[in-house]
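Okay, here's what each chain looks like letter by letter:
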Amino acid sequence: MLREQTEAGDRLNYPYEDSYEDLYTAPYENQYEDSYEDPYEDPYEDPYEDQEFLERQRKRRERRKREEARRRRRLRLLAAGGVCVVCAVVAVICSLQFGDRISVLKDSDAVTGGQVTGSQTAGNNTVGTQNQSAVDEEAPEISGVVPLSAFVGTEVSYTANIVVTDDSDPEAELSVDTSAVDSDEAGTYDITYTATDKAGHTASASTTITFSEKPEDYIEESVVLEEAQAVLDEILSDDMTLKQKTRAIYTWVRAHLSYSDADYDESWTNGAHIGFTTGTGDGFIYFSTTKALLTQAGVPNIDVEKSNVTSSRHYWSLVNVGDGWYHLDTTPRLSGATFFLATDAEMTAYFEEYGAYDAIDTSRYPATPTTASTIE
């Protein structure tokens, strides 16, 4: 009771205790004081003799002063920000009204010394310059460069399996120098690929293409791809991913072809035709049939040949289903080993363990990821 009388007396005698503050704050302070109840307060203790109680009261008043000061600062900042926005809008409207123009940084602006420089102009006067770091110190990388082969007089897609990557330019230019190639004469010719990014960095890679005469019973590619489409119509659906399509092709070849020593490797189109029509053949027939199905299904693929061909030849494919190049070999093995999206390390381990064929020359082909394919 004594405390209530005391606090009531304080309110009566000093309604605006902090007279130097904005008068609008006083009612809120009194409201806070009236409604505040100290949960640790002893109701039978004389507040004038309780110094700890008085100290808490003083701290509460100071805290409220600080909170009110912060609130006022925020209001002032908001008001200032509103004025700035209004000024900016007015400036833009005036600029557009009087025909000033703003030029923005374009691809044609100079890129020098690792800096991208552009100017903003109003009329003919430069009003600002932007400099931003364009860290591009790496040359592009070219992958998929492998030895090519074709028949005399046929068209060749030199860039079908070439991939150019650059850390800062997703559209680096690729050029192919085929000036030394004569597609009308049998022989081996040099090819050079050059990639250039916007910063002027270049990378080059070279390979060869070998033209040979067509065999007398040559099967045109269009015929083989029609045969492949007939199979794909049965095993693929429109909602399949590249990886699912590749798995379906791998499964079909392993189930519908049987191994025999056909010993034919003159033309992959002829080999694929043999596979589709007879259902039997050696490793080249398996490879050729798989190649026809992959090509017609739109799965990127590269021909791979074992490096040591002195005793025998063997072929398989590198495929890219969306997360890098992996080995795909449909030829059955006596050991039971299978190679569906295998890495370089897995292929090399097999070579070393079974000695089936010499290890491939990985420098001639794109390197595979070091981990298994994880794409769906």
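What counts and what doesn't
- Along each chain, numbering runs from 1 in the same order as the chain's sequence is written.
- Given that this is a predicted model, residues contribute local features only at a pLDDT of at least 70 and side-chain atom pairs are listed and counted only at 80 or more, while totals for whole chains, interfaces and linings are drawn from all residues.
- The basis for every side-chain value is the complete set of heavy atoms in the structure, and neither hydrogens nor water enter the calculation.
- Counting from the N terminus, the helices are the DSSP runs of H or I reaching at least four residues and the strands are the DSSP runs of E reaching at least two.
- Residue exposure (1.4 Å probe, protein chains only): buried if accessible area is under 20% of the type maximum, exposed if over 50%, otherwise partly exposed.
- The term salt bridge refers to a side-chain nitrogen of Lys or Arg lying within 4 Å of a carboxyl oxygen of Asp or Glu.
- Strands pair, by our definition, only if DSSP identifies at least two bridges between them.
- Each axis is a line fitted through C-alpha atoms, and for a helix only the stretch in contact is used; angles between axes span 0 to 180 degrees, taken between their N-to-C directions.
- Only heavy atoms enter the contact rule, under which two residues are in contact if any of them lie within 4.5 Å.

**Student:** Can you help me understand unusual backbone geometry in this one?
**Tutor:** Of all residues except glycine, most have a negative phi; of all peptide bonds, most are trans. A positive phi angle, near 55 degrees, is found at Leu341, a position not held by glycine. Note on placement: Leu341 falls in strand β15 (residues 339–342). The exposure class assigned to Leu341 is buried, which follows from its relative accessible area of 6%.

**Student:** I tried to follow the pattern of salt bridges on my own but got confused; where do I start?
**Tutor:** A pair can form between side chains of opposite charge whenever their charged atoms are brought close. Applying the stated criterion across every chain yields a total of four salt bridges. Among the salt bridges present, the one from Glu305 reaches Arg313, with a minimum N-O distance of 2.6 Å. Overall, Arg313 belongs to the partly exposed group, its relative accessible area being 43%.

**Student:** Would you mind going over the sheet that holds strand β14 (residues 325–329) with me for this structure?
**Tutor:** Hydrogen bonds between backbone groups are what pair the strands of a sheet, and the pairing can be parallel or antiparallel. Within the open sheet, the four strands sit side by side as β12-β13-β14-β15. Their pairing is antiparallel. Edge strands, defined here as strands with exactly one partner in the open sheet, are β12 (301–305) and β15. With direction set aside, neighbouring strand axes in the sheet form an average angle of 25 degrees. Direction of pairing for β12 relative to strand β13 (residues 315–320): antiparallel, over a ladder of five bridges. Residue pairing across strands places Val304 opposite Trp316, the latter belonging to β13. Running over the sheet, helix α5 (residues 242–256) touches β13, β14 and β15 and is turned about 155 degrees from β15. The sheet contacts of helix α7 (residues 283–297) involve β12, β13 and β14, and relative to β13 the element is tilted by about 25 degrees.

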